[in-house]
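Inside the fold
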Amino acid sequence: MLFQTPLPSEYTTLEASDIHARIAARKLQLGPALCILGHHYQSDDVIQYADFVGDSLKLSQQAASRSDARFIVFCGVHFMAESADILSQGRAAVILPHMMAGCGMADLAQDDAVALAIDELRQLAGGAKIVPITYVNSTAAIKAITARAGGACCTSSNVRSVCAWAFAPADQGAAADKILAVPDRHLGMNTAVAMGFALDQCVLYDPALYHGGLAEADVRRARFILWKGQCYVHQRFTTRQVQAVREAHPGIRVMVHPECPREVVALADASGSTEQIIRTVTAAPPGSAWAIGTESNLVNRLAKRLPDRFIRTLGDTAALCIQMARIDPVHLLWVLDHLAEGKIVNQIKVPAPVAADARRALERMIAITP
Ligand code: CIZ
Ligand code: SF4
């Protein structure tokens, strides 16, 4: 976790209305040189200032296409700002308003541990080809390792196409015998099941254990080797909640994110990435009812935007990502004030050799995406 300089007291004592007025003034002053990106999991307090709202890939592509922007302020988490920096190739300075906005899941995979896992698994696999497929929720260093090992990145929208590419023969894909899915075991498992693989063709690699806790026979049997990582926000959704919401609201449709456990995805009516959830519920008829298993800021915003539908979160308590919540208006103001004075604080800059390889893993994914 990176260190965030505590804000001076002149910031921490500001009233919300002053913060709002000052951010609005800074946006006007900085004009087209400034581009503020807001991830779907950010609160409305922050989203109101975003020039673009989207998932991490869409936002990074937006960052890459804005040739007039010199400063990209990324209201999201660290790995997203890294991807924006990698894809914008030095055209703009990418800034994260709070340096401790990490990702609980990305933190569960360290680059040296992933490199070691690839070596170990290749030894245990007895000549079978293992290709890493890395969820974008990971450090740039792991994306770079992925490219060097012949793999690609994926998002929750395109994971199936990327895994199909991995298994395709060498003239169309990576000719993998096995995929190492990093770092989200649930996304990996849900994808394997959706592609028709059996549960016993999926094994868990625990980086805390020797050889990931796997014997040679486990690796030989497996088609999907799942890194033992997960998102605490999505992991908490349960099949009991799906049953309870159906009892309370007969006819309600349940849609969950594929970072949720397999049993929950299996019981839900549908699953999909943030963009797919928004698209599905927006296209649904007025009067329809939805229980959504993902971060609550997205669900609450969708409910506000579509008042003619009944939309609620799955479960009785809010599912909040505390790392996302570290980005707040006062930290946004603090970075904008510095920019207005010609100073850049909290810049996210991926070292050039890492960025070049990580870009290959991201570009491979973009080329595969239908
Ligand atoms: O890639 C993203 O933005 C995340 C974290 C989730 C999603 O489903 O879009
Ligand atoms: Fe990471 Fe989960 Fe937060 Fe997404 S919701 S940024 S996966 S901790």
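Everything numeric here is computed off the predicted structure, so don't read it as measured data. (Residues numbered from 1 in each chain as written. Chains lettered and ligands numbered in written order. Predicted model: local features only at pLDDT ≥ 70, side-chain atom pairs only at ≥ 80, totals over all residues. Heavy atoms only, no water.)

Concerning the site of ligand 2
Y41, V77, C103, G104, M105, N137, C231, Y232, V233, E259, C321 and M324 make up every residue found near ligand 2. Residues belonging to the shell around ligand 2 are distributed by class as follows: nine nonpolar, two polar and one charged. (Near = heavy atom within 4 Å. Nonpolar A, V, L, I, M, F, W, Y, C, P; charged D, E, K, R; others polar.)

Some points on the pattern of salt bridges
A complete count under the given rule lists 18 salt bridges for this structure. Between R148 and D357 there is a salt bridge; the shortest N-O distance is 2.6 Å. Of this pair, R148 sits in helix α7 (residues 140-148) while D357 sits in helix α17 (residues 352-368), and the two are 209 residues apart along the sequence. Relative accessible area serves as the criterion here: at 51%, R148 is assigned to the exposed category. When the shortest N-O distance is used, the salt bridge between D308 and R309 registers 3.1 Å. The exposure class of D308 is partly exposed, given its relative accessible area of 39%. A network of salt bridges, in which partner residues are shared, links R22, R26 and D337. (Salt bridge = Lys/Arg side-chain N within 4 Å of Asp/Glu carboxyl O. Helix = DSSP H or I, 4+ residues; strand = E, 2+ residues; numbered from the N terminus. Buried < 20%, exposed > 50% of the residue type's maximum accessible area, 1.4 Å probe, protein only.)

A closer look at the packing of helix α14 (residues 274-283) against helix α15 (residues 296-305)
Axis separation between α14 and α15 bottoms out at 11 Å; the angle between their running directions is 25 degrees. The angle between α14 and α15 places the two elements in the roughly parallel class. In the crossing of α14 with α15, the sense of the turn from one axis to the other is right-handed. Together, T274, I277, I278, V281 and T282 of α14 and L298, L302 and R305 of α15 make up the contact between the two elements. (Axes fitted to C-alpha atoms, helices over the stretch in contact; angles between N-to-C directions. Parallel < 35°, antiparallel > 145°, perpendicular 65-115°, else oblique. Left-handed = near helix turned anticlockwise from the far one by under 90°. Contact = heavy atoms within 4.5 Å.)

Here we look at the pairing of strand β13 (residues 310-313)
Of the two faces of β13, only the one carrying I311 and T313 is buried; F310 and R312 on the other face are not. Strand direction decides the pairing type here: strand β12 (residues 289-293) and β13, joined by four bridges, are parallel. Looking across to β13, one finds that W290 is bridged to I311. Taken together, β12, α15 and β13 constitute a β-α-β crossover, and its handedness is right-handed. (Pairing = 2+ DSSP bridges. Right-handed = clockwise from strand over helix to strand, strands pointing away.)

Focus: the nonpolar core
Membership of the largest hydrophobic core comes to 114 residues, with the highest contact counts inside it found for V73, I133, F224, L332 and L336. With seven residues, the single largest contributor to this core is helix α16 (residues 329-340). Here L336 is in contact with I23, R26, L30, L34, I36 and V73, once residues within four sequence places are set aside. Counting residues in hydrophobic clusters, the runner-up holds 20 residues, among them A117, I130, V219 and W227. (Core = buried A, V, L, I, M, F, W, Y, C linked by side-chain atoms within 4.5 Å.)

Some thoughts on the domain arrangement of the protein chain
As assigned here, the protein chain comprises domain 1 (9-102 + 323-352), domain 2 (106-230) and domain 3 (237-313). Opposite the eleven residues of domain 2 that make contact, domain 3 presents nine residues. Where domain 2 packs against domain 3, one counts zero salt bridges. Here the element with the most residues in the side of domain 2 that touches domain 3 is helix α9 (residues 185-194); it accounts for five residues. (Domains from an automatic or database assignment.)

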